[in-house]
Every structure is written in C-alpha cells, then in structure tokens.
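These are the residues of each chain, in order.
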Amino acid sequence: MQIDKLRGKELDQLFKAVLSLKDLEECYRFFDDLCTINEIQALAQRLDVARMLREGNTYHKIEAETGASTATISRVKRCLNFGNDSYEMVLERIKEQENSKASEV
C-alpha cells in the first residue's frame, strides 16, 4: 500500500478521529473544519468517479457529469483494478445501507 510510507501516530490519530464520527452531520462539521472546500470536493468527486466506473460508464460521460479530468478518472480506475478494493468495499456498503433504508419504507 502506498499509504504505508505515511503510517504513524499522526495518521492513526486522523483515522481514529474519522472512525469516531457518529453520523452524517458530525462528518459535515468535522470535514468542514479539517479540509478546504476544494479538498472535500476532490475526495467526493473521486468516490463518484469510482461509482460511475463501477457502473460501466465511459470516461466521456464521467468527465461530463463529474467534471473530473481524465487523469483523475484514470487514477481511480487504476485503484479499482489494482488497489486495495476499498472503493468497492465502501460503495457496496453504501448500496446496502440505501437498500436497507428503502426496504424499511
């Protein structure tokens, strides 16, 4: 993993902070304090690109809908194909949560 080079007390603290968040509102508040608007948008955009790639969308459609550059799309695709399967994991969990909420209604 690329991130292994950064492992340590500071990164552990960041990840523990994220894991301590209890709901969506706490996430909004924490990330608003932690990141710039552009950083938050870039992270959200990458996740959306991953979702769209996973759904089989073309680079052209992804670029048009998300505003992501082809370089960003390529990087996300490389992670989907050769990464740690984390995009797959979180997107599947989000889908499961949405399906669970829809079946409750």
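Residues numbered from 1 in each chain as written. Predicted model: local features only at pLDDT ≥ 70, side-chain atom pairs only at ≥ 80, totals over all residues. Heavy atoms only, no water.

Caption draft 1: Representation of the packing of helix H4 (residues 59-66) against helix H5 (residues 70-82) in the model. Taken N-terminus to C-terminus, the directions of H4 and H5 make an angle of 115 degrees; their axes are 10 Å apart at the nearest point. Relative to H5, H4 is oriented so that their crossing is right-handed. Counted together, Tyr59, Ile62 and Glu63 of H4 and Thr70, Ile73, Ser74 and Lys77 of H5 form the full contact between these two elements. (Axes fitted to C-alpha atoms, helices over the stretch in contact; angles between N-to-C directions. Helix = DSSP H or I, 4+ residues; strand = E, 2+ residues; numbered from the N terminus. Left-handed = near helix turned anticlockwise from the far one by under 90°. Contact = heavy atoms within 4.5 Å.)

Caption draft 2: Representation of the pattern of salt bridges in the model. Taken as a whole and judged by the stated rule, the model has six salt bridges. Across the salt bridge formed by Glu55 and Arg51, the nearest N and O atoms sit 3.0 Å from each other. (Salt bridge = Lys/Arg side-chain N within 4 Å of Asp/Glu carboxyl O.)

Caption draft 3: Up close: the nonpolar core. The biggest cluster of nonpolar side chains holds 10 residues, and these are Val49, Ala50, Met52, Leu53, Ile62, Ala68, Ile73, Val76, Tyr87 and Leu91. For this core, the secondary-structure elements that each account for two or more residues are helix H3 (37-54), H5 and helix H6 (86-104). Broken down by element, this core gets its largest block of residues, four residues, from H3. Excluding its chain neighbours within four sequence positions, the residues that come into contact with Tyr87 are Arg46, Leu47, Ala50, Val76, Cys79 and Leu80. (Core = buried A, V, L, I, M, F, W, Y, C linked by side-chain atoms within 4.5 Å. Buried < 20%, exposed > 50% of the residue type's maximum accessible area, 1.4 Å probe, protein only.)

Caption draft 4: Representation of the packing of aromatic side chains within the structure. Tallied over the entire structure, the rule returns one aromatic pair. Seen in terms of ring centroids, Phe30 and Phe31 are 5.6 Å apart; in terms of plane orientation they differ by 85 degrees. Their pairing is edge-to-face. Taking the relative accessible area as the measure of exposure, Phe31 reaches 24% and is therefore partly exposed. (Phe/Tyr/Trp six-rings, centres within 6.5 Å; stacked < 30°, edge-to-face > 60°.)

Caption draft 5: A nonpolar patch on the surface, seen in detail. On the surface, Met1, Ile3, Leu6 and Phe15 cluster together into a nonpolar patch covering about 400 Å² of accessible area. Mapped onto the secondary structure, Met1 falls in the segment before helix H1 (9-20). Overall, the relative accessible area of 53% leaves Met1 in the exposed class. (Patch = residues over 30% accessible without salt bridge, like charges linked within 9 Å, V, L, I, M, F, W, Y side chains within 5 Å. Areas by Shrake-Rupley, 256 points an atom, 1.4 Å probe, with all protein chains shown as cover.)

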